[in-house]
Amino acid sequence: MVRIAHIHMSGCTGCLISLTDTYEKLLDILGAVELVYALTLADEKTEITETDDKILIERKIPENIDIALVEGSVCLDDHHAMDDILTTRKNSKIVVALGACAASGGVTRFARGGQMSQPSHASFAPIGDVIKVDLALPGCPPSPESIVNLITAALEGDMEYLEPFAEIAKIGKDACGCDVIKDVINKSLCMGCGTCAAACQVRAIEMVEGKPNINSEFCIKCGLCGAQCPRVRFPELLQKIE
Ligand code: SF4
Ligand code: SF4
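Residues numbered from 1 in each chain as written. Chains lettered and ligands numbered in written order. Predicted model: local features only at pLDDT ≥ 70, side-chain atom pairs only at ≥ 80, totals over all residues. Heavy atoms only, no water.

The protein carries the name Coenzyme F420 hydrogenase subunit gamma in an unreviewed UniProt entry, which gives Methanococcus voltae as its organism. Listed in UniProt under the heading Sequence similarities (unreviewed entry), the comment for the protein reads: "Belongs to the FrhG family." (UniProt positions renumbered as here; feature names shortened; annotations may be inferred.)

A. Representation of the pairing of strand β7 (residues 92-98) in the model. In terms of burial, β7 is a largely internal element, five of the seven residues being buried. Pairing of strand β5 (residues 65-71) with β7, which is carried by six bridges, proceeds in the parallel orientation. The residue of β7 that forms the bridge with A68 is V95. (Buried < 20%, exposed > 50% of the residue type's maximum accessible area, 1.4 Å probe, protein only. Helix = DSSP H or I, 4+ residues; strand = E, 2+ residues; numbered from the N terminus. Pairing = 2+ DSSP bridges.)

B. Seen up close, the site of ligand 2. Around ligand 2, 14 residues are found, and the nearest of them are C190, C193, G194, C196 and C229. A breakdown of the residues in the shell around ligand 2 according to their chemical character gives 10 nonpolar, three polar and one charged. (Near = heavy atom within 4 Å. Nonpolar A, V, L, I, M, F, W, Y, C, P; charged D, E, K, R; others polar.)

C. Local environment of the pattern of salt bridges. Considering all chains together, one arrives at six salt bridges under this definition. Notably, a salt bridge pairs E34 with R3, separated by 3.8 Å at the nearest N-O pair. In this pair, E34 is assigned in strand β2 (residues 33-38) and R3 in strand β1 (residues 2-8), connecting sequence segments 31 residues apart. Among the residues examined, E34 registers a relative accessible area of 37% and is labelled partly exposed. Since its relative accessible area comes to 22%, R3 is described here as partly exposed. (Salt bridge = Lys/Arg side-chain N within 4 Å of Asp/Glu carboxyl O.)

D. View of the sheet that holds β7. One open sheet accounts for five strands, arranged β2-β1-β5-β7-β9; its pairing is parallel. Looking at the sheet topology across the chains shown, the edges are occupied by β2 and β9 (135-137). With direction set aside, neighbouring strand axes in the sheet form an average angle of 20°. The pairing of β1 with β2 spans five bridges and is parallel. If you follow V2 over to β2, its bridge partner there is V33. Helix α3 (residues 79-91) contacts β1, β5 and β7 of the sheet and is inclined by roughly 130° relative to β7. (Axes fitted to C-alpha atoms, helices over the stretch in contact; angles between N-to-C directions. Contact = heavy atoms within 4.5 Å.)

Pasting the structure below:
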């Protein structure tokens, strides 16, 4: 049976909640896989070491994970987080950056440190800055349907469906509203469909005279507009068809 893990880095658990929002489809998935690690949903084997002045509790990321769904970015100033993400890569066949924080940094791009109780925790990076990522699913959170579809395709080995997500894993780390400006509008590819504006979860995009206008003050760098735009991907193919 395929072994799936949910790894919680610096995230808000919204991606996991989005997965549970699939109701009976989640039950179908859970019936077809073995959930080997998910701190929010399941107890883990713990190793407890007692010394004179402290108790150490470790919840180890298991070996031989087939698909690791990683939510949240990596705090580079937290050695536990660095250990977790490196162990996840070492122990997993497929690593999925689930959601904007893991895929592109998302709101954690704006972290600057200086807050109690860990003022030194200042630097947060998408997981692809630290480890190789196989698939990335943008969104804050990604829609329940997109998560189920991606997991189902991964279980079935549907490489054609997964290819765009593999592509986003390679290029998606700078995600922001600027993507549709530089990759679509500036390349004369925009057809004014408004999909980017509909996809933006913080309404940072407004259609003005048939073209998207990005309000960068609102943009939370989730990467969804670029991922959803029907013209941002495969422009060479589109040009050939036209
Ligand atoms: S403009 Fe909206 S959809 Fe695009 S990256 Fe920013 S927040 Fe995400
Ligand atoms: S989704 Fe792409 S093609 Fe459609 S309006 Fe936005 S930038 Fe233009």
